[in-house]
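# Structural features, examined
Listed below, chain by chain, are the residues.
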Amino acid sequence: MYHGNSIRLLAGNSHPELAHAVAERLGVPLTPCMPQKFSNGEINVKISESVREEDVFIIQSGCSDVNDNLMELLILISACKTASARRITAVIPCFPYARMDKKDESRAPITAKLVANMLVSAGCDHVITMDLHASQIQGFFDIPVDNLFSEPLMISYIKRHIDGWQNGIVVSPDAGGAKRVTAMADKLGVEFALIHRKRDGKAQNAPERMELLVGDVRDKVAILVDDMIDTGHTLTLAARTLHEKGAKTIYVLISHGLFSEAHMTSLNSLPIEQLVVTNTIPQKEHKEQFSKLIALDISSTIAESIRRTHNGESISLLFGEWADGRGMDMII
């Protein structure tokens, strides 16, 4: 049930499957809009129905052609703003440039902050995203930002689909994920482990290796958890390290499966049972190349956050009992 002005759902070209799934769960049709490219590469957008005084939600993920998709989102926001939309919410399942969230060396840009500024300048009133690479990105905005978590879905998946998880150990491939894995381990009632990545030498091209800093994985079900996979190099090193340390079986759960530089066929040779990702990024082509890949559907979480935002309800319930009940229909 929706209150006040109606919901208007718009979608760019980045992830039409997710947009249609969200629309179906909400029972709201997608408003026709046609993002197109001119021959010189410029993007044009035409919204076919009025959005005046409506509550507009634009679904666009930061995947594939990231720059084109970001520009498309900005133009859609601007078009809705000048069309007198009452409120404009950008629904960005995978936030673009999230890894560039700090100045880690001289003259390095903080591009995530730039993206935040552009979204606000275009006319965005609210942002819904999922599993930000760094939570402090929310502080780059002067508008409300709701950072949803895939953790409840992953915990539900572990309990329903990983045999022997009670004898498991949740593992982070780097120190940056320590908070994430300790929270999951506490909720599952199991132990956690941390892996440290280091180079054998000071040169940039020196070979890398990983060593287990905290925890014992021998004869246990190792559940490797991270927020993003791109090249697959970290996963390769971590999986082989866990295998060498005597892990009984290895499962990998990752929020955003970018796979932009990963060789999918080479991942098949890794000593893992399953690689589980969410569909914040389209996974159809990746699944065809990698038989161990499983995608979890986040459309129910996105749809419920949109409904609650529109009705002025709290979305904190999405991280409790509501999420626990999503486990039966989350695999796509």
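Residues numbered from 1 in each chain as written. Predicted model: local features only at pLDDT ≥ 70, side-chain atom pairs only at ≥ 80, totals over all residues. Heavy atoms only, no water.

In this structure, the largest pocket spans a volume of roughly 1,300 Å³. His133, Asp174, Arg180, Asp226 and Asp227 are the residues nearest the centre of the largest pocket, which is lined by 43 residues in total. Listed by contribution, the elements that provide at least two residues to the lining of the largest pocket are α4 (151-161), α5 (178-188), β11 (221-229), α6 (233-244) and β12 (249-257). Considered class by class, the residues forming the lining of the largest pocket number 17 nonpolar, twelve polar and 14 charged. Estimates place the volume of the second largest pocket at around 760 Å³. In terms of lining, the second largest pocket is formed by 34 residues, of which the most central are Cys63, Ser64, Leu258, Ile281 and Pro282. Listed by contribution, the elements that provide at least two residues to the lining of the second largest pocket are α1 (16-26) and α8 (284-289). Considering each element in turn, the lining of the second largest pocket owes the most residues, five residues, to α8. Here the lining of the second largest pocket is composed, by residue class, of 17 nonpolar, ten polar and seven charged. (1 Å grid on protein atoms, 1.4 Å probe; cavity = no way out; pocket = protein on both sides within 12 Å on 5 of 7 lines; lining within 4 Å. Points joined across faces, edges and corners; volume = space filled by probe spheres on them. Helix = DSSP H or I, 4+ residues; strand = E, 2+ residues; numbered from the N terminus. Nonpolar A, V, L, I, M, F, W, Y, C, P; charged D, E, K, R; others polar.)

This part takes up the packing of helix α2 (residues 66-82) against helix α3 (residues 111-122). Between α2 and α3, whose axes approach to 8 Å, the crossing angle comes to 25°. Overall, the two elements α2 and α3 adopt an arrangement that is roughly parallel. For the pair α2 and α3, the contacting residues are Leu70, Leu73, Leu74, Ile77, Ser78 and Lys81 in the first and Val115, Met118, Leu119 and Ala122 in the second. When the residues that make up the contact of α2 with α3 are grouped by side-chain class, the tally is eight nonpolar, one polar and one charged. (Axes fitted to C-alpha atoms, helices over the stretch in contact; angles between N-to-C directions. Parallel < 35°, antiparallel > 145°, perpendicular 65-115°, else oblique. Contact = heavy atoms within 4.5 Å.)

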